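Working through the structure, step by step
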Amino acid sequence: MKEVGGTMQALVVGAGGGIGSAVADRWGRDPRFSSVWTVSRQQRPGHGAEGTIQPLLTRHTEEDIAAISKRVLEESESLSRIVIALGTLHGPSYGPEKSLEALRQTSMQEVYRVNCILPMLWLAALASGLRKSPDCRIAVLSARVGSIGDNALGGWYSYRSAKAALNMGLRSASIELARRAKGVKLMAFHPGTVDTALSEPFQRGVPEGKLFEPDFVATRLDELLDGHVANGELSYLDWEGKTIPW
Ligand SMILES: NC(=O)c1ccc[n+]([C@@H]2O[C@H](COP(=O)([O-])OP(=O)(O)OC[C@H]3O[C@@H](n4cnc5c(N)ncnc54)[C@H](OP(=O)(O)O)[C@@H]3O)[C@@H](O)[C@H]2O)c1
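Residues numbered from 1 in each chain as written. Predicted model: local features only at pLDDT ≥ 70, side-chain atom pairs only at ≥ 80, totals over all residues. Heavy atoms only, no water.

1. Some points on the packing of aromatic side chains
Our working rule: Here is the rule: rings of Phe, Tyr and Trp (six-membered ring for Trp) pair when centre to centre is within 6.5 Å. Planes less than 30 degrees apart are stacked, more than 60 are edge-to-face, and the remainder are tilted. Secondary structure follows DSSP: runs of H or I at least 4 residues long count as helices, runs of E at least 2 residues long count as strands, and numbering of each begins at the N terminus. Residue burial is assigned from relative accessible area. The probe radius is 1.4 Å, only protein chains are included, and a residue is buried under 20% of its type maximum, exposed over 50%, and partly exposed in between.
Across all of its chains, the model carries seven aromatic pairs by this definition. Taking the centre distance of 4.9 Å and the plane angle of 20° together, the rings of Tyr236 and Trp246 count as stacked. Of this pair, Tyr236 sits in strand β9 (residues 234-238) while Trp246 sits in the segment after β9; the two residues are 10 residues apart in sequence, bridging distant segments of the chain. What makes Tyr236 buried here is its relative accessible area of 1%. Chaining the aromatic ring pairs together yields one cluster made of Trp156, Tyr159 and Phe202.

2. What about the nonpolar core?
Operational definition: We call a set of buried Ala, Val, Leu, Ile, Met, Phe, Trp, Tyr and Cys residues a nonpolar core when their side-chain atoms join them within 4.5 Å. Only heavy atoms enter the contact rule, under which two residues are in contact if any of them lie within 4.5 Å.
Counting 35 residues, the largest nonpolar core has Leu11, Leu79, Ile82, Trp122, Ile138, Leu170 and Leu186 as its most contacted members. Residue contributions to this core peak at seven residues, all from helix α3 (residues 105-127). If near-sequence neighbours (up to four positions away) are discounted, Ile82 is found in contact with Leu11, Leu126, Leu130, Cys136, Arg137, Ile138 and Ala139. Membership of the second largest hydrophobic core comes to 27 residues, among which are Met8, Ala85, Ala218 and Leu224.

3. Here we look at the pairing of strand β4 (residues 81-84)
So the rule is basically this: The pairing criterion is simple: DSSP has to find at least two bridges between the two strands.
Burial of the side chains of β4 extends over both faces: Arg81 and Val83 are buried on one face and Ile82 and Ile84 on the other. In this sheet, β4 lies alongside strand β1 (residues 8-13) in parallel orientation, the contact comprising four bridges. Looking at β4, one finds that Ala10 is bridged to Arg81. Both β4 and strand β5 (residues 136-141) contribute to a ladder of four bridges, which runs parallel.

4. A few points about the sheet that holds β4
Let me state the cut-off plainly: The angle between two axes is taken between their N-to-C directions and runs from 0 to 180 degrees, where each axis is a line fitted to C-alpha atoms and a helix contributes only its stretch in contact.
The strand order across the open sheet formed by seven strands is β3-β2-β1-β4-β5-β6-β9, and the pairing between neighbours is parallel. In the strand order of this sheet, the two ends are held by β3 (53-57) and β9, each with one partner. The sheet shows a mean angle of 15° between the axes of neighbouring strands, taken without regard to direction. Packed onto the sheet, helix α2 (residues 62-75) meets β1, β2 (33-40) and β3 and runs at close to 160° relative to β3. In the packing of helix α4 (residues 157-180) onto the sheet, contacts are made with β5, β6 (184-190) and β9, and the angle to β6 comes to roughly 165°.

5. A closer look at the pattern of salt bridges
The test is simple: When a carboxyl oxygen of Asp or Glu is within 4 Å of a side-chain nitrogen of Lys or Arg, the pair counts as a salt bridge.
Counting across every chain of the model gives 14 salt bridges. Glu110 serves as the salt-bridge partner of Arg113, at 3.0 Å between the closest nitrogen and oxygen. With a gap of three residues between them, Arg113 and Glu110 both fall in helix α3, about one helical turn apart. Assessed through its relative accessible area of 33%, Arg113 is described here as partly exposed. Put simply, Arg26, Asp30, Arg32, Arg81, Asp222 and Asp226 are held in one network by salt bridges that share partners.

6. A few points about unusual backbone geometry
Here His60, not a glycine, exhibits a phi torsion of approximately 60°, which is positive. Tracing the backbone through its elements, the reader meets His60 in the loop between β3 and α2. Even without a glycine there, the phi angle at Trp156 is positive, about 50°.

7. A look at the environment of Leu221
Among the secondary structure elements, Leu221 is positioned in helix α5 (residues 214-227). By relative accessible area, Leu221 is classed as buried at 1%. Sequence-wise, Leu221 and Ala178 are 43 residues apart; in three dimensions their C-alpha atoms are separated by 22 Å. Ignoring sequence-local partners within four residues, the contact set of Leu221 consists of Val23, Val83, Ala139, Leu141, Met187 and Phe189.

8. Brief notes about the site of the ligand
Quick note on the threshold: We call a residue near a molecule or strand as soon as one heavy atom of that residue lies within 4 Å of the molecule or strand. In protein, a polar contact means a hydrogen-donor-capable atom and an acceptor-capable atom, both N or O and within 3.5 Å, with residues adjacent in sequence counting only if both atoms are side-chain atoms; elsewhere, any N or O pair within 3.5 Å suffices. Every accessible area reported is derived by Shrake-Rupley at a probe size of 1.4 Å, with residue values counting cover from the shown protein chains alone. Charged means Asp, Glu, Lys or Arg here, nonpolar means Ala, Val, Leu, Ile, Met, Phe, Trp, Tyr, Cys or Pro, and polar covers whatever is left, Gly included.
Inspection of the region around the ligand gives 31 residues, with Gly16, Gly18, Arg41, Tyr159 and Thr196 positioned closest. At 3.5 Å from an oxygen atom of the ligand is found a main-chain nitrogen or oxygen belonging to Leu141. When the ligand is considered free in solution it has 880 Å² of accessible area, and contact with the protein chains removes 91% of it. Contributing elements (two or more residues each) for the shell around the ligand: α1 (18-29), α3, α4 and β7 (193-194). Per-element tally for the shell around the ligand: the top contributor is α3, with five residues. Its residues assigned to classes, the shell around the ligand comprises 12 nonpolar, 15 polar and four charged.

Following this line, the structure appears as C-alpha coordinates:
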(Lines give C-alpha, C1' and ligand atoms only; values in the text may rest on other atoms or scores of the structure.)
Protein backbone atom coordinates (compact mmCIF):
# COMPACT_ATOMS: atom_id res chain seq x y z
CA MET A 1 0.00 0.00 0.00
CA LYS A 2 1.35 3.45 -0.91
CA GLU A 3 1.77 5.97 1.87
CA VAL A 4 0.18 9.41 1.33
CA GLY A 5 0.68 12.90 2.71
CA GLY A 6 4.38 13.57 2.10
CA THR A 7 5.69 12.08 5.33
CA MET A 8 8.37 9.77 3.99
CA GLN A 9 12.05 10.69 3.97
CA ALA A 10 14.77 9.17 1.84
CA LEU A 11 18.52 9.18 1.33
CA VAL A 12 20.31 8.35 -1.93
CA VAL A 13 24.08 7.84 -1.71
CA GLY A 14 25.73 8.10 -5.12
CA ALA A 15 23.08 10.43 -6.49
CA GLY A 16 25.34 11.65 -9.30
CA GLY A 17 25.37 8.28 -11.09
CA GLY A 18 22.88 7.08 -13.70
CA ILE A 19 20.82 4.88 -11.38
CA GLY A 20 21.24 6.94 -8.18
CA SER A 21 20.23 10.06 -10.07
CA ALA A 22 17.11 8.40 -11.52
CA VAL A 23 16.05 7.17 -8.06
CA ALA A 24 16.59 10.63 -6.54
CA ASP A 25 14.64 12.29 -9.37
CA ARG A 26 11.78 9.82 -9.00
CA TRP A 27 11.50 10.33 -5.25
CA GLY A 28 11.97 14.08 -5.67
CA ARG A 29 8.74 14.12 -7.74
CA ASP A 30 6.89 11.67 -5.51
CA PRO A 31 4.35 13.38 -3.21
CA ARG A 32 4.83 10.69 -0.58
CA PHE A 33 8.23 12.19 0.27
CA SER A 34 8.80 15.32 2.35
CA SER A 35 12.64 15.17 2.04
CA VAL A 36 15.07 13.39 -0.24
CA TRP A 37 18.73 13.78 0.75
CA THR A 38 21.10 13.17 -2.13
CA VAL A 39 24.78 12.46 -1.49
CA SER A 40 27.34 12.74 -4.26
CA ARG A 41 30.93 13.80 -4.96
CA GLN A 42 29.56 16.33 -7.39
CA GLN A 43 26.82 18.89 -7.59
CA ARG A 44 24.38 17.30 -10.04
CA PRO A 45 23.98 19.55 -13.07
CA GLY A 46 20.66 21.37 -12.90
CA HIS A 47 19.97 20.01 -9.43
CA GLY A 48 20.06 22.36 -6.48
CA ALA A 49 18.09 22.29 -3.27
CA GLU A 50 14.73 22.36 -5.03
CA GLY A 51 11.47 21.09 -3.61
CA THR A 52 12.16 18.11 -1.43
CA ILE A 53 15.71 17.46 -2.72
CA GLN A 54 18.49 18.31 -0.29
CA PRO A 55 21.89 17.85 -1.95
CA LEU A 56 24.97 17.06 0.15
CA LEU A 57 28.53 16.82 -1.18
CA THR A 58 30.95 14.15 0.02
CA ARG A 59 34.49 12.89 -0.46
CA HIS A 60 33.57 9.55 1.15
CA THR A 61 36.18 9.91 3.90
CA GLU A 62 35.25 8.24 7.17
CA GLU A 63 34.81 11.71 8.72
CA ASP A 64 32.49 12.77 5.88
CA ILE A 65 30.45 9.60 6.07
CA ALA A 66 30.05 9.97 9.84
CA ALA A 67 29.16 13.67 9.67
CA ILE A 68 26.66 13.38 6.81
CA SER A 69 25.00 10.31 8.30
CA LYS A 70 24.67 12.05 11.67
CA ARG A 71 23.17 15.14 10.07
CA VAL A 72 20.64 13.22 7.97
CA LEU A 73 19.64 11.00 10.88
CA GLU A 74 19.19 14.02 13.17
CA GLU A 75 17.28 16.15 10.66
CA SER A 76 15.02 13.38 9.41
CA GLU A 77 12.40 12.23 11.86
CA SER A 78 12.60 8.76 10.41
CA LEU A 79 14.18 7.59 7.17
CA SER A 80 11.86 5.32 5.19
CA ARG A 81 14.09 4.57 2.21
CA ILE A 82 17.86 4.42 1.61
CA VAL A 83 19.51 3.57 -1.70
CA ILE A 84 23.29 3.17 -1.89
CA ALA A 85 24.19 3.25 -5.58
CA LEU A 86 28.01 3.41 -5.53
CA GLY A 87 29.97 1.30 -7.95
CA THR A 88 32.76 1.25 -10.51
CA LEU A 89 33.69 -1.19 -13.26
CA HIS A 90 36.22 0.80 -15.27
CA GLY A 91 38.30 3.93 -14.95
CA PRO A 92 41.09 5.70 -16.80
CA SER A 93 43.64 3.07 -15.73
CA TYR A 94 41.56 -0.05 -15.11
CA GLY A 95 38.77 -2.18 -16.52
CA PRO A 96 37.26 -5.63 -16.03
CA GLU A 97 40.03 -8.23 -16.24
CA LYS A 98 39.77 -11.02 -18.81
CA SER A 99 42.71 -13.06 -17.43
CA LEU A 100 44.62 -13.60 -14.20
CA GLU A 101 47.62 -11.82 -15.73
CA ALA A 102 45.59 -8.60 -15.87
CA LEU A 103 45.19 -8.36 -12.07
CA ARG A 104 46.76 -5.21 -10.55
CA GLN A 105 46.86 -4.29 -6.89
CA THR A 106 45.90 -0.62 -7.38
CA SER A 107 42.91 -1.33 -9.62
CA MET A 108 41.67 -4.16 -7.42
CA GLN A 109 41.87 -1.87 -4.40
CA GLU A 110 39.90 0.89 -6.14
CA VAL A 111 37.20 -1.49 -7.37
CA TYR A 112 36.87 -3.05 -3.91
CA ARG A 113 36.79 0.38 -2.28
CA VAL A 114 33.96 1.78 -4.39
CA ASN A 115 31.85 -1.39 -4.74
CA CYS A 116 32.23 -2.88 -1.27
CA ILE A 117 34.09 -0.79 1.31
CA LEU A 118 32.26 2.51 0.80
CA PRO A 119 28.73 1.03 0.69
CA MET A 120 29.47 -0.94 3.89
CA LEU A 121 30.87 2.17 5.62
CA TRP A 122 27.72 4.14 4.71
CA LEU A 123 25.51 1.33 5.96
CA ALA A 124 27.51 1.13 9.18
CA ALA A 125 27.30 4.87 9.81
CA LEU A 126 23.54 4.93 9.20
CA ALA A 127 22.68 1.72 11.06
CA SER A 128 23.24 3.13 14.53
CA GLY A 129 20.49 5.68 13.92
CA LEU A 130 18.00 3.16 12.61
CA ARG A 131 17.55 1.20 15.81
CA LYS A 132 14.19 2.76 16.57
CA SER A 133 13.09 3.09 12.96
CA PRO A 134 9.65 1.52 12.54
CA ASP A 135 10.14 0.89 8.83
CA CYS A 136 13.25 1.63 6.79
CA ARG A 137 13.89 -0.20 3.52
CA ILE A 138 17.45 -0.14 2.24
CA ALA A 139 18.69 -1.19 -1.20
CA VAL A 140 22.39 -1.47 -1.94
CA LEU A 141 23.30 -1.74 -5.63
CA SER A 142 25.00 -5.08 -6.16
CA ALA A 143 25.12 -7.05 -9.43
CA ARG A 144 24.28 -10.52 -10.67
CA VAL A 145 27.96 -10.99 -11.57
CA GLY A 146 28.64 -10.95 -7.80
CA SER A 147 26.84 -14.29 -7.53
CA ILE A 148 29.30 -17.18 -7.10
CA GLY A 149 26.65 -19.72 -8.11
CA ASP A 150 25.77 -17.78 -11.26
CA ASN A 151 29.37 -17.34 -12.45
CA ALA A 152 29.67 -19.50 -15.54
CA LEU A 153 31.76 -17.14 -17.68
CA GLY A 154 34.64 -16.17 -15.36
CA GLY A 155 36.67 -12.98 -15.82
CA TRP A 156 35.83 -9.55 -14.34
CA TYR A 157 37.83 -10.61 -11.26
CA SER A 158 37.84 -7.37 -9.29
CA TYR A 159 34.24 -6.33 -9.94
CA ARG A 160 32.81 -9.82 -9.41
CA SER A 161 34.71 -10.40 -6.20
CA ALA A 162 34.01 -6.89 -4.86
CA LYS A 163 30.26 -7.45 -5.35
CA ALA A 164 30.50 -10.94 -3.80
CA ALA A 165 32.26 -9.36 -0.80
CA LEU A 166 29.56 -6.68 -0.65
CA ASN A 167 26.87 -9.39 -0.64
CA MET A 168 28.61 -11.16 2.24
CA GLY A 169 28.91 -7.90 4.18
CA LEU A 170 25.23 -7.22 3.64
CA ARG A 171 24.33 -10.73 4.76
CA SER A 172 26.17 -10.24 8.06
CA ALA A 173 24.56 -6.81 8.43
CA SER A 174 21.09 -8.27 7.92
CA ILE A 175 21.73 -10.78 10.72
CA GLU A 176 22.98 -8.04 13.05
CA LEU A 177 20.16 -5.64 12.14
CA ALA A 178 17.55 -8.34 12.75
CA ARG A 179 18.61 -8.08 16.42
CA ARG A 180 19.39 -4.35 16.63
CA ALA A 181 16.97 -2.68 14.22
CA LYS A 182 13.95 -4.85 13.60
CA GLY A 183 12.25 -2.31 11.34
CA VAL A 184 15.01 -2.40 8.73
CA LYS A 185 14.70 -4.32 5.46
CA LEU A 186 17.93 -4.90 3.54
CA MET A 187 18.15 -5.67 -0.17
CA ALA A 188 21.09 -6.35 -2.53
CA PHE A 189 19.76 -5.24 -5.89
CA HIS A 190 20.77 -6.20 -9.45
CA PRO A 191 19.37 -3.61 -11.84
CA GLY A 192 19.93 -5.49 -15.09
CA THR A 193 22.11 -3.86 -17.75
CA VAL A 194 21.36 -0.17 -17.52
CA ASP A 195 22.37 2.58 -19.93
CA THR A 196 24.83 4.46 -17.70
CA ALA A 197 28.50 5.44 -17.81
CA LEU A 198 29.36 2.24 -15.95
CA SER A 199 28.00 -0.10 -18.64
CA GLU A 200 28.67 2.13 -21.65
CA PRO A 201 31.78 0.30 -23.00
CA PHE A 202 30.07 -3.10 -22.62
CA GLN A 203 26.66 -2.50 -24.19
CA ARG A 204 27.37 -3.89 -27.65
CA GLY A 205 26.42 -7.52 -26.91
CA VAL A 206 23.30 -6.70 -24.91
CA PRO A 207 20.21 -8.30 -26.52
CA GLU A 208 17.58 -5.95 -27.88
CA GLY A 209 15.20 -4.74 -25.21
CA LYS A 210 17.61 -5.69 -22.42
CA LEU A 211 19.44 -2.39 -22.08
CA PHE A 212 17.31 -0.51 -19.59
CA GLU A 213 16.85 3.19 -19.09
CA PRO A 214 17.77 4.38 -15.57
CA ASP A 215 14.18 5.63 -15.06
CA PHE A 216 12.78 2.16 -15.72
CA VAL A 217 15.13 0.61 -13.18
CA ALA A 218 14.40 3.34 -10.62
CA THR A 219 10.70 2.53 -10.97
CA ARG A 220 11.31 -1.20 -10.53
CA LEU A 221 13.51 -0.59 -7.48
CA ASP A 222 10.94 1.77 -5.94
CA GLU A 223 8.19 -0.83 -6.44
CA LEU A 224 10.35 -3.61 -5.00
CA LEU A 225 11.12 -1.52 -1.92
CA ASP A 226 7.41 -0.76 -1.50
CA GLY A 227 6.68 -4.48 -1.61
CA HIS A 228 9.27 -5.71 0.90
CA VAL A 229 8.81 -5.20 4.63
CA ALA A 230 11.41 -5.97 7.30
CA ASN A 231 11.82 -9.71 7.83
CA GLY A 232 15.33 -9.88 9.27
CA GLU A 233 16.72 -11.23 6.02
CA LEU A 234 18.82 -9.97 3.13
CA SER A 235 17.06 -10.27 -0.22
CA TYR A 236 19.27 -10.60 -3.33
CA LEU A 237 16.90 -9.56 -6.08
CA ASP A 238 17.04 -8.59 -9.71
CA TRP A 239 14.96 -5.89 -11.40
CA GLU A 240 12.14 -8.42 -11.99
CA GLY A 241 12.02 -9.18 -8.28
CA LYS A 242 13.49 -12.64 -8.86
CA THR A 243 15.87 -14.05 -6.25
CA ILE A 244 19.48 -14.49 -7.42
CA PRO A 245 21.46 -17.46 -6.06
CA TRP A 246 24.41 -16.53 -3.81
N1 LIG B 1 24.68 0.03 -15.21
C2 LIG B 1 24.62 -1.28 -15.15
O3 LIG B 1 24.41 -1.96 -16.17
C4 LIG B 1 24.74 -1.99 -13.82
C5 LIG B 1 24.59 -3.40 -13.80
C6 LIG B 1 24.70 -4.06 -12.58
C7 LIG B 1 24.97 -3.34 -11.43
N8 LIG B 1 25.12 -1.98 -11.47
C9 LIG B 1 25.42 -1.28 -10.23
O10 LIG B 1 24.56 -0.17 -10.07
C11 LIG B 1 25.23 0.83 -9.30
C12 LIG B 1 25.09 2.19 -9.96
O13 LIG B 1 25.81 2.18 -11.18
P14 LIG B 1 25.42 3.09 -12.44
O15 LIG B 1 25.09 2.15 -13.53
O16 LIG B 1 24.44 4.12 -12.03
O17 LIG B 1 26.84 3.71 -12.78
P18 LIG B 1 27.35 5.22 -12.84
O19 LIG B 1 26.41 6.07 -13.57
O20 LIG B 1 28.75 5.13 -13.32
O21 LIG B 1 27.33 5.65 -11.30
C22 LIG B 1 28.37 5.22 -10.45
C23 LIG B 1 28.10 5.58 -9.03
O24 LIG B 1 29.22 5.24 -8.22
C25 LIG B 1 29.79 6.37 -7.62
N26 LIG B 1 31.24 6.33 -7.82
C27 LIG B 1 31.90 6.01 -8.97
N28 LIG B 1 33.23 6.08 -8.78
C29 LIG B 1 33.42 6.47 -7.50
C30 LIG B 1 34.57 6.74 -6.71
N31 LIG B 1 35.80 6.62 -7.21
N32 LIG B 1 34.39 7.13 -5.43
C33 LIG B 1 33.15 7.26 -4.92
N34 LIG B 1 32.01 7.03 -5.62
C35 LIG B 1 32.14 6.63 -6.90
C36 LIG B 1 29.17 7.60 -8.29
O37 LIG B 1 29.00 8.55 -7.29
P38 LIG B 1 28.79 10.15 -7.51
O39 LIG B 1 27.36 10.41 -7.21
O40 LIG B 1 29.69 10.78 -6.53
O41 LIG B 1 29.17 10.43 -8.95
C42 LIG B 1 27.84 7.03 -8.80
O43 LIG B 1 26.89 7.09 -7.79
C44 LIG B 1 26.67 0.33 -9.10
O45 LIG B 1 26.78 -0.30 -7.86
C46 LIG B 1 26.82 -0.69 -10.21
O47 LIG B 1 27.80 -1.66 -9.89
C48 LIG B 1 25.01 -1.28 -12.65
